[in-house]
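Here's the letter readout for the chains.
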Amino acid sequence: MQHAGKTGHARLEDDRLLRGQGRFVDDLDVPDLLHVVFLRSAYAHARIGKIDKSTAEKIVGVHAVLTLADLKEVLTCERLPAATPASAIHFHVDPCILVKDEACYVGEPIAMVVADTRAIAEDAAALIEIDAEILPAVTEIRAGLSSDSPRTRLDQPDNCVARWTIGYGDCESAFAKAAHKISASFELHKGGAIPMEGRGLLARPDPLDGVLTVWDSTQMPHRVKRVLVTTLGLNENQIRVIAPDVGGGFGPKGPVYAEEVAVSAAALLLQKPLKWIEDRYENFISTNQERDQYWDVEGAFDADGRLLGIRGTLLHDHGACTPSGIQLPQNSTTNLIGPYILPTYKLDVSLCLTNKTPTTSTRGAGRPQGTFVMERLLDRMAAKLGIGRDEIRRRNLIPADALPYVTQVLTRDGLPMTYDSGDYPECQRRALEAAGWHDFLARQKAAREKGRWIGLGLSNYVEGTGRGPFETASLRIGPSGKILVASGAASQGQGTSTMLAHIAAKVLGVRPEVIDVTCGDTHAIAMGLGAYASRQTVTAGNALHAASLEIAQKIKQTAAHLLEVSADDLELRDSFVQVKGVASMKKSFGEIAKTLSGNAGFALPGGMKPGLFAAVDFEPPAITYTNGTHLAEVEVDIRTGHIKITRYVIVHDCGNMINPQIVEGQVLGGVVHGISATLFEWIRHDAQGQPLTVSLADYLLPTAHDVPRIEIHHMESPTPLNPLGVKGAAESGTIGAPAAIVSAIEDALAPLKIEISQLPVTPQRLQKLIRKAQAGGSP
Amino acid sequence: MDERIITIEVNGKQYRLKVPVRENLADFLRHRLHLTGTHTGCEHGVCGSCTILLDSRSVRSCLILAVQCDGRSVRTVESLADAAGKLDPLQDAFSRHHALQCGFCTPGVLMTLVELRENADPSEINEDMIREKLSGNLCRCTGYQGMVDAALETLSRPDKRL
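Treat the numbers as computed from the prediction; the structure is a model and nothing was measured. (Residues numbered from 1 in each chain as written. Chains lettered and ligands numbered in written order. Predicted model: local features only at pLDDT ≥ 70, side-chain atom pairs only at ≥ 80, totals over all residues.)

### Remarks on the overall build of chain A
Along the backbone of chain A there are 20 helices and 28 strands. Compactness check: chain A gives a C-alpha radius of gyration of 28 Å against a globular reference of 28 Å for 779 residues, within 12% of the reference. When the backbone C-alpha atoms are referred to their principal axes, chain A occupies close to 95 × 75 × 50 Å. By residue count, 58% of the 779 residues in chain A fall in the buried class. (Helix = DSSP H or I, 4+ residues; strand = E, 2+ residues; numbered from the N terminus. Rg over C-alpha atoms; globule rule 2.2 N^0.38 Å. Buried ≥ 20, exposed ≤ 12 C-beta atoms within 10 Å, placed from the backbone.)

Here's what the structure looks like:
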């Protein structure tokens, strides 16, 4: 495939962002703008009684103090209709738009203050008095699932919001005949998304046209519109949602939140433009997170180390609501299988409601945890059998000639999870070679003799990308000749506009810079979904590709009539259609568009249909699977437990690449998110459910000094599932990282026989393991 | 509310304005002067998105009050391109090295690197020094690699590059 952007074409988004001329939601200003601050629950679980707003209302500059009772006038419901369907869920708990009588996590919004400035609104919010009766809080999932636990919500029968078994084959027999068995328990934590820009929106009712325009820092503007139409009881033509420049998303800006409805409702109620900008403290307590999974698993292997089965249990912290169904733990359970042949599988999954912030997908979306479990089992079995960690994987990887490979589990769309293309053994082989796997033993030996503890780890993984059901794109050329593209895709920094422009440019024979792309605006295109599941190049990219082909064909057919030549003799170049090799015989795209826009009463030439406009909804037939191998090299300071990643090598296969530089940017960012989840990020609470990590000083993110230079090598196994042969790349980097890094740490400390079963691996935790191992006998 | 009149130079332009004493410099720049290129990512001095140059030293504009800047000189990301609109070589290198994705942290990162350029000896600028310098600016998108490469290309001598 010929790549766009290989020579470092600037992204279309870059220029304005580099100049400080980005338009993030807090950069937007409109006349008479008022500011909103939310008063949030200070308790993990409390019955809310009287709310006294009288003092707050008296502050100069305060326009309103609103509770759910006040908003009811413009709302059709009290809860957010957020539920993603899932039959395993016993009872859906949609988030409250504002708390009515029971607050179920610290950070849940109870009231809102509208004022001239944010500072005044904050002053006033501190003066609202709430009668709260503190209730027992569920803060730990094992305890929460026990029969004598207090309840997360008083109106629910228990805390087990969903329970199901995933699996296939005769696991019991597999274990009965196994030559080798191992069991392991893991406490896996994954933190939040923590984009540098938090959530926020500006809602402006316009009395002139009756339209409520909402600029929202969201991944899914069309979904926001749908929720607003429902909750506010408006028609589709009365709401426009625009995602302006969005400062990172990484998952949690996908679900719709109470604040988006509450601010929009208040704007309608007060007939004033309102802005709410989440601060970092709010981001830590009120934006969805991932947090804790507890796995107890066993693996059965034959005498050669081939997998016979995996069974066990998974407990998952679901937080206080169910805004995204079960997708997060579901991804964990299916991604465990990875690129391996797993003949039998049985996992009992229980989701516990807790008095904590709701949990939904963050980059990787549960998959890193599933991959981690599989990869750790393989490493441990390799150690038990005395074979290489690479060798046990070679024995279990799905061979290239077995693809497409149908696994025995279903994905969310109800189809069998099917790996469409790739060469997993070759991917691992290339990664081992690139990282110097076979020479490492000698390097490690030499380092150990000098008292240095270095290790090399590996992991293989797949990532389901390009999730449907569809994405939209349209392409329009009018008499101006300007090429206008619109899509339901939305960008939070992925370079979506550049990707789309490259695809259309290649088909139409123009430079990407001349194409005007509008993403994330519900007025630009009627339907759309947006950013989730590493999907937009697959879905919007192929939609636009089809639309571009349609327009290119129509330009040629129209020009064939005007120039009296065969359409086959025409080519498209620099916004003109011309006779091949005869540059003087040409028509501009604008002239063609003008011809097709018609003259009153005259027929269009050659019986052509009107206009240069095409809109395509691309419906991917199934999920397409990206895969990769990660190799991490680390050095451990065994006195302090400090871990330094000294080298990181990836072989990555996401099918054809539209723009390799953008793909690498996605993989790099993903890997660093994975490194971060492995070593740093940890959302902590006390026993009462009070969050303890509420600033970037308490909750660590990696800095430029903490991460290594990352080497990325590509394979390109085009998928047969879409015409461009492309797969997604946005989360893949995150998935392989925790397993590879922990493999490396255990390798570095192999003489101490340390087994790591908790994420994140902080220096304190590792130091404790090292000391324990040393106390039990030095290496 | 307590207010003071301050005189401040921002990007070469003189301002004399009345500001609330509790208003921080970031809010002053963004909402009073409408220089929204300076972003606030945490408002507690960790993320570095709001980094500006105050009398040529990098400062987190969320941690200093506007009134503290009375009589002083501020430079923001909006000052980097030249009068004709041509991007600063560092900005240009950022684009070529894909050093930005969402672009939210970018202005603060650029100002941090401008300080390095103005104060360090190019013959001493290497990858390690750049990573150390950037360690006060958080980025969630890029993994920092593109920024480091752009800075190496622009700020260091050829023999210090990879």
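### Points about the overall build of chain B
Summing up its helical and strand segments, chain B has five helices and five strands in all. Walking chain B from its N terminus toward its C terminus, one meets helices and strands in the order β-β-α-β-β-β-α-α-α-α. Scaling as 2.2 N^0.38, a compact globule of 162 residues should have a C-alpha radius of gyration of about 15 Å, and chain B matches this with 16 Å. Based on the C-alpha atoms only, the size of chain B along its principal axes is roughly 55 × 30 × 25 Å. Across the 162 residues in chain B, those meeting the buried criterion constitute 56%.

### Topic: the confidence of the model for chain B
Interpretation of this model should avoid reading the predicted coordinates in detail wherever pLDDT is low. Taken residue by residue, chain B gives an average pLDDT of 96. The fraction at 70 or more is 98%. Across the predicted assembly, pTM comes out at 0.97 and ipTM at 0.98. (pLDDT = per-residue confidence, 0-100.)

### Re the sheet that holds strand S1 (residues 3–10) of chain B
Residues and elements named next belong to chain B. Strand order across the open sheet formed by five strands is S2-S1-S5-S3-S4, with mixed pairing between neighbours. The open sheet terminates on both sides in strands that have one partner only, identified here as strand S2 (13–20) and strand S4 (57–60). On average, each strand axis in the sheet is tilted by 40° relative to the strand beside it, whichever way the strands run. Note that S1 and S2 share eight bridges and pair antiparallel. By the bridge assignment, arginine 4 is partnered in S2 with valine 19. Lying on the sheet, helix H3 (residues 106–119) is in contact with strand S3 (51–54) and S4; it crosses S3 at an angle near 35°. (Pairing = 2+ DSSP bridges. Axes fitted to C-alpha atoms, helices over the stretch in contact; angles between N-to-C directions. Contact = placed C-beta atoms within 7 Å.)

### Structural notes on the interface of chain B and chain A
Each partner contributes residues to the interface: chain B has 43 residues there, and chain A has 45 residues. When residues of the side of chain B that touches chain A are traced back to their parent elements, those giving at least two are helix H2 (89–96), H3, helix H4 (127–134) and helix H5 (145–155) of chain B. The element best represented in the side of chain B that touches chain A is H2(B), accounting for four residues. Across the side of chain B that touches chain A, the residue classes break down as 18 nonpolar, 18 polar and seven charged. (Nonpolar A, V, L, I, M, F, W, Y, C, P; charged D, E, K, R; others polar.)

### Some points on the nonpolar core
Residue and element names in this part refer to chain A. Of all hydrophobic cores here, the largest spans 287 residues; its most connected members are Val113, Val114, Ala266 and Val485. Here this core takes eleven residues from helix H16 (residues 536–563), the largest share from any one element. Filtering out sequence-adjacent residues up to four positions away, valine 113 remains in contact with Val36, Val37, Leu39, Ala56, Val62, Val65, Ala121, Ala124 and Ala125. (Core = buried A, V, L, I, M, F, W, Y, C linked by C-beta atoms within 7 Å.)

### So, the environment of Gln764(A)
Following the sequence through the fold, Gln764(A) ends up in helix H20 (residues 763–775). On a C-alpha basis, the gap between Gln764(A) and Gly641(A) in space is 6.5 Å, while along the polypeptide they are 123 residues apart.

### Quick look at unusual backbone geometry
All names here are of chain A. Between leucine 403 and the following residue, proline 404, the backbone shows a cis peptide bond with an omega angle of 0°. Mapped onto the elements of the fold, proline 404 is located in the loop between helix H12 (389–396) and strand S16 (405–410). The step from leucine 759 to proline 760 runs through a cis peptide bond, and the omega angle for that step is -5°. With respect to the helices, strands and loops of the structure, proline 760 is situated in the loop between helix H19 (732–748) and H20. You will see that isoleucine 194, though not glycine, has its phi angle at about 50°, which is positive. Relative to the elements of secondary structure, isoleucine 194 occurs in the loop between strand S8 (180–190) and strand S9 (200–206).

### Notes on the packing of H2(B) against H3(B)
All names here are of chain B. Contact geometry for H2 and H3: axes closest at 11 Å, N-to-C directions at 130°. With respect to H3, the axis of H2 lies oblique. The crossing of H2 and H3 is right-handed. In this structure, H2 uses Leu90, Gln91 and Phe94 to contact H3, whose residues at the interface are Thr106, Leu110, Leu113 and Val114. Looking at the contact of H2 with H3, its residues break down into five nonpolar, two polar and no charged. (Parallel < 35°, antiparallel > 145°, perpendicular 65-115°, else oblique. Left-handed = near helix turned anticlockwise from the far one by under 90°.)

### Concerning the environment of Leu152(B)
Residue and element names in this part refer to chain B. Along the polypeptide, leucine 152 turns up in helix H5. For leucine 152, a count of 21 C-beta atoms within 10 Å translates into the label buried. It is 24 Å that separates the C-alpha atoms of leucine 152 and glycine 37, two residues lying 115 residues apart in sequence.

### Describing the pairing of strand S13 (residues 291–301) of chain A
All names here are of chain A. Among the eleven residues that make up S13, eight are buried, leaving the element largely enclosed by the rest of the structure. Note: S13 against strand S14 (residues 307–319), nine bridges, orientation antiparallel. The partner of tyrosine 294 across the bridge, within S14, is leucine 315. Turn length for the S13-S14 hairpin, with the two strands adjacent in sequence and antiparallel, is five residues, and the turn residue glycine 305 shows positive phi of about 90°.

### With respect to the packing of H4(B) against H5(B)
All names here are of chain B. At a minimum axis separation of 10 Å, H4 and H5 run at an interaxial angle of 125°. Here H4 lies oblique to H5, going by the angle between them. Crossing geometry of H4 relative to H5 is assigned as right-handed. Touching Glu127, Ile130, Arg131 and Leu134 of H4 are Met147, Val148, Ala151 and Leu152, all from H5.

### Digging into the pairing of strand S23 (residues 576–579) of chain A
All names here are of chain A. Here strand S22 (residues 570–573) pairs with S23 via four bridges, running antiparallel. Note that in S23 the partner of leucine 572 across the bridge is valine 577. Linking S22 to S23, which pair antiparallel, is a turn of two residues; within it aspartate 574 sits at a positive phi near 50°. Here S23 pairs with strand S24 (residues 582–588) via four bridges, running antiparallel. Following the sheet pairing, valine 579 is matched in S24 by valine 582. The turn joining S23 and S24, which pair antiparallel and follow one another in sequence, is formed by two residues; a positive phi near 80° is taken by glycine 581.

### Brief notes about the domain arrangement of chain B
Residues and elements named next belong to chain B. On domain assignment, one finds that chain B holds domain 1 (3–79) and domain 2 (89–160). With centres defined by C-alpha atoms, the gap from domain 1 to domain 2 works out at 22 Å. Listed by partner, the interface residues are 15 residues for domain 1 and 13 residues for domain 2. The set of elements that each furnish at least two residues to the side of domain 1 that touches domain 2 consists of S3 and S4. Of the residues forming the side of domain 1 that touches domain 2, the biggest block, three residues, is contributed by S3. For the side of domain 1 that touches domain 2, a count of residues per class yields five nonpolar, nine polar and one charged. (Domains from an automatic or database assignment.)

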